[in-house]
Amino acid sequence: MGLIEVKNLRKYFTSGLFRKSCVKAVDGVSFEVEEGETFALVGESGCGKSTVGRCILRLIEPTAGEVYFRGINISGSNGNLRGLRKKMQMIFQDADGTLNPRMRVFDLITEPSRVHRLVNGREKAAELMEMVNLTPDLLGRYPHELSGGQRHRIGIARAMSLNPEFIVADELAASLDLSVQAQMLDLMKRLQAEFAIGYLFISHNLNVVKLMADRVAVMYLGKFVEVGDTRRIFSASAHPYTQALLSTVLNPNPSARRKRIVLEGEIPSPLNPPSGCRFHPRCPEAKAICSEIEADLREIEDRHLVSCHFA
Ligand SMILES: Nc1ncnc2c1ncn2[C@@H]1O[C@H](COP(=O)(O)OP(=O)(O)OP(=O)(O)O)[C@@H](O)[C@H]1O
Ligand SMILES: [Mg+2]
């Protein structure tokens with residue numbers, strides 16, 4: 001039994017009063033995240049990565065599909081939900097936007113667990129600061145008196161204050177300097193090793209994903225086109241879209257540099273996705289069948305799933 005199990009998740013955004021339009025932001029994705037595992041979502045902007053994360057945490061209501069936490073269906077209205085939701089936290093890209101500027105660090109990190117007025121609030125605060133490598137003298141400061149990296153650590157401490165077992169990290173520290181970002185990734189790895197937290201790790205940066213993830217799912221227009229162990233995806237990807245994405249990553253070793261595959265054309269609108277395989281208009285290997293019949297996501301080898309007629 002996985003820590004998190006997502007089954008056939010869909011999120012359609014509808015708008016327009018008379019001529020209803022429907023964006024199929026997430027269109028039937030399924031996956032599991034194990035305890036202590038990092039499962040990454042990659043894909044171009046707008047493919048639905050954040051929507052998957054937000055649906056799992058019920059920040060938005062999914063259109064269809066189920067989410068299980070340790071085997072418990074948490075998609076419907078479930079009495080246990082309040083207790084369980086604390087076990088699932090999100091770390092936001094923009095820590096600044098989520099920290100109340102009028103609260104001191106002490107209150108910011110003890111507020112989620114509501115222990116700040118209790119005697120053990122001090123103990124808890126000290127413990128959390130140590131957990132994210134900040135010195136206790138910062139407890140009296142306001143967010144604007146901290147550096148970007150420190151604010152990020154406070155955001156992580158807030159999430160950690162509820163002893164989460166699953167964390168969605170959406171573009172973690174992507175707005176910070178590379179060196180600060182690297183520290184944040186180290187911190188996330190350390191916390192994961194210590195507490196066996198499962199991560200859903202959303203990122204544009206394939207180099208970061210390679211470093212962090214155990215498994216990777218590649219998304220295109222609301223669907224998974226390839227899922228597999230990180231090493232497999234980076235060394236033997238089987239979907240032309242994955243291959244094109246990877247070819248844009250700089251390889252430090254020039255002799256091993258892959259031929260760069262340029263994706264032709266714009267990303268099609270999710271309002272009106274192409275027939276057949278959604279990737280076919282941009283695919284360098286598309287054949288007649290691709291515009292007519294959608295390929296199912298199928299296992300081509302152990303734990304490696306691909307949706308391509310020719311994989
Ligand atoms: N609240 C909303 N109302 C209408 N459409 C939305 C809403 N939120 C997201 N969408 C649409 O759903 C699709 C997926 O968006 P999402 O934010 O999940 O993509 P993403 O992969 O996280 O992109 P990025 O890499 O830019 O963060 C996009 O077409 C987006 O415009
Ligand atoms: Mg996003």
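Throughout, a residue's number is its position along its own chain's written sequence, starting from 1. To read the labels, note that chains go from A and ligands from 1, taken in the order they are written. Given that the model is predicted, a residue must reach a pLDDT of at least 70 before its local features are reported, and side-chain atom pairs must reach 80 or more before they are shown or counted; all residues, however, enter totals for whole chains, interfaces and linings. To get the side-chain values, take all heavy atoms of the structure and skip hydrogens and water.

Let's shift gears to the site of ligand 1. Around ligand 1, the neighbouring residues are Phe13, Val23, Ala25, Ser45, Gly46, Cys47, Gly48, Lys49, Ser50, Thr51, His204 and Pro270. Residues adjacent in sequence count toward polar contacts only when both atoms are side-chain atoms; beyond that, a polar contact is any pair of N or O atoms within 3.5 Å, and within protein one must be able to donate a hydrogen and the other to accept it. Take serine 45: an N or O atom from its side chain is 2.5 Å from an oxygen atom of ligand 1. Between an oxygen atom of ligand 1 and a side-chain N or O atom of threonine 51, the distance comes to 2.5 Å. The protein chains hide 63% of the 640 Å² of surface that ligand 1 would expose on its own. Secondary structure elements follow DSSP: runs of H or I no shorter than four residues count as helices, runs of E no shorter than two count as strands, and numbering proceeds from the N terminus. Among the secondary structure elements, those contributing two or more residues to the shell around ligand 1 are strand E2 (21-33) and helix H1 (49-56). Amino acid classes used here: Ala, Val, Leu, Ile, Met, Phe, Trp, Tyr, Cys and Pro are nonpolar; Asp, Glu, Lys and Arg are charged; the rest, including Gly, are polar. Partitioning the shell around ligand 1 into residue classes produces five nonpolar, six polar and one charged. For this purpose, a residue is taken to be near a molecule or strand whenever a single non-hydrogen atom of the residue falls within 4 Å of it. Per-residue and other accessible areas were derived by the Shrake-Rupley procedure at a 1.4 Å probe size, with only the shown protein chains allowed to occlude residues.

Let's shift gears to H1. For H1, a buried count of six out of eight residues is recorded, marking the element as mostly surrounded by other parts of the structure. Within the span of H1, buried status applies to Lys49, Thr51, Val52, Gly53, Cys55 and Ile56. Three labels apply to residues, based on accessible area from a 1.4 Å probe with only protein chains included: buried if under 20% of the type maximum, exposed if over 50%, partly exposed otherwise in between.

Before going further, it helps to examine the sheet that holds strand E7 (residues 166-170). Strand pairing is assigned whenever DSSP identifies at least 2 bridges connecting the two strands. Within the open sheet, the eight strands sit side by side as E6-E7-E8-E3-E9-E10-E12-E11. Their pairing is mixed. Lying at the two open borders of the sheet, with one neighbouring strand each, are strand E6 (88-91) and strand E11 (298-301). The sheet shows a mean angle of 25° between the axes of neighbouring strands, taken without regard to direction. It only takes one pair of heavy atoms within 4.5 Å for two residues to be counted as in contact. Fitted lines through C-alpha atoms serve as axes, helices being fitted only where they are in contact, and the angles separating the N-to-C directions of these axes extend from 0 to 180 degrees. Contacting strand E3 (38-42), strand E9 (215-220) and strand E10 (223-229), helix H10 (residues 240-247) runs over the sheet at an angle of about 105° to E9.

Shape is all these values report; function is a separate question.
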